[in-house]
Each structure stands twice: as C-alpha cells, then as structure tokens.
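Breakdown of the fold
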Number of protein chains: 2
Amino acid sequence: MGMKIGIIGLGLIGGSLAIDLKQGQNHTVLGVSRRAETCQQAIARGIVDEASDDLSLMGQADVIFLCTPLGVMEATVQQLIPHLTANTILTDVGSVKAPVVEAIAPLWPNFVGGHPMAGTADNGLDAALSNLFVNRAYVLTPTEATPALAVQTVEAIAQSLGAKIYHCHPEEHDRAVAWISHLPVMVSGSLIAACLSESDQKVIKLAQQFASSGFRDTSRVGGGNPELGLMMARYNQAAVLRSLHSYRQQLDQVIHWVEQSDWCSLETQLRHNQQARPDFTD
Amino acid sequence: MGMKIGIIGLGLIGGSLAIDLKQGQNHTVLGVSRRAETCQQAIARGIVDEASDDLSLMGQADVIFLCTPLGVMEATVQQLIPHLTANTILTDVGSVKAPVVEAIAPLWPNFVGGHPMAGTADNGLDAALSNLFVNRAYVLTPTEATPALAVQTVEAIAQSLGAKIYHCHPEEHDRAVAWISHLPVMVSGSLIAACLSESDQKVIKLAQQFASSGFRDTSRVGGGNPELGLMMARYNQAAVLRSLHSYRQQLDQVIHWVEQSDWCSLETQLRHNQQARPDFTD
C-alpha cells in the first residue's frame, strides 16, 4: 500500500530517499526544494512524482522527511506547520539529534527524530543514489512523548530501505556519533594542521613526498568538507567537547609515557587499542 | 654485471629485497637468518642462492643490507665486522635513521643509511613479495663522511628496484617520518583509547554499532602492530615528542574554538586543512 511521502530538501540524502521510496517501494513522492532548477531536475530524472518550491505541496503528505541543513530545520518546520493536518508524521535526517528533537517536538508532537548514517564524499541531487541506505545504521530517537504509530511508521519505511534500525535517546545518539564521527574529524584535521606547523621547509617537503597510506587514511576525514566539520562542532558542541577533553587526556598520557621512556605502559596501551578496534570495525 | 649481495634478516623487507635482486637483477644473493628454518625456507623458495645462520657467509658479499630489527642492528654490525674486507659496502633498511647512522658509521665508514618506505600489514619471510618497492620512496641518508662510491652503489641498487630515490640528512628523515608515519600512529591510537574511556556502556555499544568508514580509516594505524608503534616512539623519541607537542597545540586550539563557539576560526582551519591535504596525498 503506497503512501504519500514528502521530502523537503532534495540533496544527497533527500534525493536518495526519494529514489528508493518512489522506484523501490511504490510510494508517491512529493519533493520540495528552494531552487526551481532542482525541482525541475528531480522531475526530469523521475526521482519524484511532483516537486515545488512551495511548502504547501506537503499538505497532501502522510509522512514528511526533513532533509534540509540543520541550521534551517526549525524555521522550515515553523513555515510548514500551517499546511499540515494533525496526523501528518514528521521525521528528519539530521546528523545531530538532541537540538533537533528539542526544537521540533514542541512544535509538532507527531515528530520522530531520525538519522540515516549514510553518505558519500559528494553532495547535492546529482550525487543521489539508489540503495544508499542498505545495511547502514538508521537511528530513531523517539522520546517518551512520541506517538507509537509515528515511530512504527517511520521505522517501517527505514526498514524498507534495507537499513539496520537502532533506537536510542537523542543525547545517547549525539554522544555516540561524537566518538565515532565528530571526534575523528577534529583529531584528523589537527594532524594536518600540526604537519603544516613544521617550520623547516625541507622537512615539510620531505614529509609530503614520504606520506603514504597511513597518513592518507588518518588524515582523510580531517581534510574533508569544512562545512560538515563545522556543523558537527556547532550543533553537537557539548558532546564534541566532552570527547575532545577525553581525547586530550589520552594524548597527554601518551606524551608522558614517551617523555618518561615508559615503553611498558605505551606498549600495553597500543596492545589494548589493537584488541579493541575490531569491536568498532568488524 | 651481477654483484654478490648479502642480506641479514630474512623478514618482509629482507626477503622482498632478496626476491627482486636475485630474480629481477641477476645478482647472487646470500642470506643470513638466526633461524635455521628460515634459511631452509629461503633456499627452498629460491629467494636466496645461499643461506646460513652464520655471519661469516657475508665475507663474500660486495654490498650488505642490514634488515634486522632496529634493536639488534648495532650488535649485529659488531659481530659482522671481523668477516668484512675494507671495501664491503654496508647499508640498512631501518625506519629511523639518526640513531642507526650515529651507531654504525663510526664502526664501519663504508656505511650508507637507507629506508625503503614499503611494507604490508604482514611480516616475516612468508609475507615477502616481488616488486614491493616499485614507485615507493627509498630514502638514503649519507653524511659528509660517507664515501661517494658507497652512496652511488646503494642508490643504483635501490633504483633497480623501481623505487623513487630521496637523499636527506638522517635528522631530516626522522622529523619527516615523525609527521607522516609516527605521529599518525599516536594520534590514531589515542582515538581508540579515548572511545574506550566512555563510562556509559550504552553509548560505547552504540558507538561500536554506528562506526563506519570514517572511524575505520582514522583508527587504522592506531590499531595496528603494537611492536611497530613502540619501535617508532623508542628509536625516534625526540622527533616524535616534537611532533606530539605541536599536535597538542593544534588540538588545544580546536578545543578553544569549540569552547568559545568561534566557528569562524574553526572553519578557516578546516578549510586550510582541506586545501593542504592533497600536497601530502596526491
């Protein structure tokens, strides 16, 4: 049984959701983008059934996915509300959950926070792909006040994308992603910045020539899209700071061991890291 | 014109050198390993022409590659010297250069420090491969006192492996590899250690479930062979500490910006990192 599904923001995530829900799941997909060109492209490529730059199109939708940048989500919901009927279900795809849930749940009780943990190095509708969510985590962050039917409906849609569903509190989500997604960006970016701080130009030049896969992998997320890194720090500020402070403690510990030539403690730590990593990567 | 080339230590690097020099370059390759089993295996696989657990075999060699762990290199050279004639050329493949050059050059003037920057995740003779050095950096660290003929001879052999040759001072090498190889291991290991410091077991569990390619890449070298990380810190202690202190300054700067909500400075830094990374990875 197809539903009418609205998607606000036709970028990588919104566009990829539209592709899977229209072509794979036989729903009617209605898209909203601020840019008329993006609307035309989405219709021309058959990604959506209807598209508009006017939020009133969402009045027909049973379920609406908010796929805008985090910074405009609350304002978008405020403009959207006049067009909704009371049983319209709202969900979002933002990569930080506590500030989104705190801002939107009071405006629209029938809201379920969500975070499909998928992406590519590219963005925009051009980068949208089918099956982007297959086998990827899709986190739902309902609160005690979230209506069960809304949660079940969003979960069923996420499941139909082939994603692995997780439920947790918004704050737990934000702390977990601070560790495995946001902290790595800061750690990795600081590695590049530290190398650039070398004052001996001959040594920098040699470092650039010698760098291979180890440096490439460790510096990858730190050399990525600056807007993304900024967004993480800005909207997940408390959890990112908490992780950064713990990280600095660990780093100070390593510096202390190397300064003291305490090879035994350093080796124990390196061994512990080696043993623990597969719990995160297997 | 084939030479007689000695290789002491038949592990990944020594074994791979032997394969290329015997099969590809038509040299006579003589191998020494402490373990009789390794000697037998090297002969059985056709990796060397002769093998022995006795350093006297090296008396015939024109050029000898020291491929032992850093910790036993000096003692090995002391035992080796009685077997050599004055024009025997000695070189090594150690990943740190200043302590090796300082220890060995006074014992044997005809010595050229070297570092072929190649490797795999495996080690030992079983892991040895042909063409391991093709297009990889091969760094030579002669001093003012190193005889020109020794440098030319080692360079010609390194070139015949298909490697890209670089020359620099031992200290410059050690500072450059501290930035792009040793610091990344400490930075990446501390990321794993920091995640494990999370006291909320629910959050750790979620972090493990949510971790994907960003965490995998950033944590890879930190979750690698502990002996390798220990060796870097131990033998390149001064340069590693120098890099660690610069890194901590960069990290403190990031923490300060996030604490102060100074998004403008953070964005400038992230943008700078994005622009600079290709100089190390392209």
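So, here's what we can say about the structure. (Residues numbered from 1 in each chain as written. Chains lettered and ligands numbered in written order. Predicted model: local features only at pLDDT ≥ 70, side-chain atom pairs only at ≥ 80, totals over all residues. Heavy atoms only, no water.)

Thoughts on the overall build of chain A
The following threshold applies: Under the scheme used here, helices are H or I runs from DSSP no shorter than 4 residues and strands are E runs no shorter than 2 residues, and both carry numbers assigned from the N terminus. For each residue, the accessible area found with a 1.4 Å probe, counting protein chains only, is set against the maximum for its type, and the residue is called buried under 20%, exposed over 50%, and partly exposed in between. It only takes one pair of heavy atoms within 4.5 Å for two residues to be counted as in contact. A 1.4 Å probe and the Shrake-Rupley method give the accessible areas. Residues count as covered only by the protein chains that appear here. We count Lys and Arg on the positive side and Asp and Glu on the negative side, and we leave His and both chain ends out. The location of each charge is read from NZ of Lys, CZ of Arg, CG of Asp or CD of Glu.
Within chain A, the secondary structure is distributed over 12 helices and nine strands. A buried classification covers 57% of the 282 residues belonging to chain A. For chain A, long-range pairs separated by at least 24 residues make up 68% of all intrachain contacts whose partners lie at least 6 apart in sequence. Carbon and sulfur atoms make up 48% of the accessible area of chain A, which totals about 11400 Å². Between the centroid of the 18 positive side chains of chain A and the centroid of its 27 negative side chains there is a distance of 6 Å.

Section: the pairing of strand β8 (residues 137-140) of chain A
Residue and element names in this part refer to chain A. For clarity, the threshold we go by: Here, any two strands with at least 2 DSSP bridges between them count as paired.
Side chains of β8 alternate between two faces, with A137 and V139 and Y138 and L140 buried alike. Pairing of strand β7 (residues 114-116) with β8, which is carried by three bridges, proceeds in the antiparallel orientation. What sits directly across from P116, in β8, is Y138. Pairing between β8 and strand β9 (residues 164-167): four bridges, direction parallel. If you follow Y138 over to β9, its bridge partner there is I165.

As for unusual backbone geometry
Residues and elements named next belong to chain B. Positive phi values are uncommon outside glycine, yet N131 reaches one of about 60 degrees. As for its placement among the helices and strands, N131 is situated in the loop between β7 (114-116) and β8 (137-140). In the Ramachandran plot, S261 falls in the positive-phi region, its phi being about 50 degrees despite a non-glycine side chain.

Re the environment of S33 of chain A
Residue and element names in this part refer to chain A. How we decide: Pairing of N or O atoms within 3.5 Å defines a polar contact, subject to two protein rules: one partner must be a possible hydrogen donor and the other a possible acceptor, and residues neighboring in sequence count only if both atoms are side-chain atoms.
With respect to the helices and strands, S33 occurs in the loop between β2 (28-32) and α2 (36-44). Sequence separation between S33 and I7 is 26 residues; the distance between their C-alpha atoms is 8.7 Å. Ignoring any residue separated from it by four or fewer positions in sequence, one finds S33 in contact with L10, T38, C39, S52 and D53. Reaching out from S33, the side chain makes a polar contact with the backbone nitrogen of R35 at a distance of 3.2 Å.

Comments concerning the environment of E172 of chain A
Relative to the assigned elements, E172 of chain A resides in helix α6 (residues 170-196). A sequence separation of 31 residues divides E172 of chain A from T141 of chain A, and the C-alpha atoms of the two residues are 9.0 Å apart. Setting aside chain neighbours within four positions, we find E172 of chain A in contact with K202, V203 and L206 of chain B.

Observations regarding the relation of the copies chain A and chain B
Put simply, the second copy of the chain is the first one after a rotation about an axis and a shift along it. Our working rule: Least-squares fitting of one copy onto the other uses the C-alpha atoms of those residues that reach a pLDDT of at least 70 in both copies.
Its rotation angle being 180 degrees, the transformation that places chain A on chain B also includes 0.0 Å of axial translation and leaves an RMSD of 0.1 Å. Here the symmetry operator amounts to a two-fold rotation axis. The overlap is high: 100% of the interface residues of chain A also sit at the interface in chain B, so the same surface is used on both sides.

What to know about the sheet that holds strand β6 (residues 111-112) of chain B
Each strand in a sheet pairs with its neighbour through backbone hydrogen bonds, running either in the same direction (parallel) or in the opposite one (antiparallel). Residue and element names in this part refer to chain B. Put simply, the test is: To define axes, lines are fitted to C-alpha atoms, for helices over the stretch in contact only, and angles between the resulting N-to-C directions are given on a 0 to 180 degree scale.
The strand order β3-β2-β1-β4-β5-β6 describes an open sheet built from six strands, whose pairing is parallel. The sheet is open, and its two borders are formed by β3 (50-52) and β6, each paired with just one other strand. In terms of strand pairing, strand β5 (residues 89-92) meets β6 through two bridges, oriented parallel. Each bridged residue has a counterpart across the sheet, and for L90 the counterpart in β6 is F111. The sheet contacts of helix α3 (residues 73-80) involve β1 (4-8), β4 (63-66) and β5, and relative to β4 the element is tilted by about 150 degrees.

A few points about the interface of chain A and chain B
Applicable threshold: A simple way to read buried area is as the amount of 1.4 Å-probe accessible surface that goes missing from two parts once joined, with both sides added. Note on definitions: salt bridges are taken to be side-chain nitrogens of Lys or Arg within 4 Å of carboxyl oxygens of Asp or Glu. Here the term charged refers only to Asp, Glu, Lys and Arg, the term nonpolar to Ala, Val, Leu, Ile, Met, Phe, Trp, Tyr, Cys and Pro, and the term polar to all other amino acids, Gly among them.
On the chain B side, the residues contacting the 87 residues of chain A number 87 residues. Taken over both partners, the interface formed by chain A and chain B buries close to 8600 Å², and the fraction arising from carbon and sulfur atoms is 68%. Counting every contact that joins chain A to chain B gives 10 salt bridges. Between D217 of chain A and R220 of chain B there is a salt bridge whose closest N-O contact spans 2.7 Å. Along the contact surface separating chain A from chain B lie 29 residue pairs in polar contact (both at pLDDT 80 or more). Top contributing element to the side of chain A that touches chain B by residue count: α6 of chain A, with 20 residues. Looking at side-chain class alone, the side of chain A that touches chain B contains 41 nonpolar, 28 polar and 18 charged residues.

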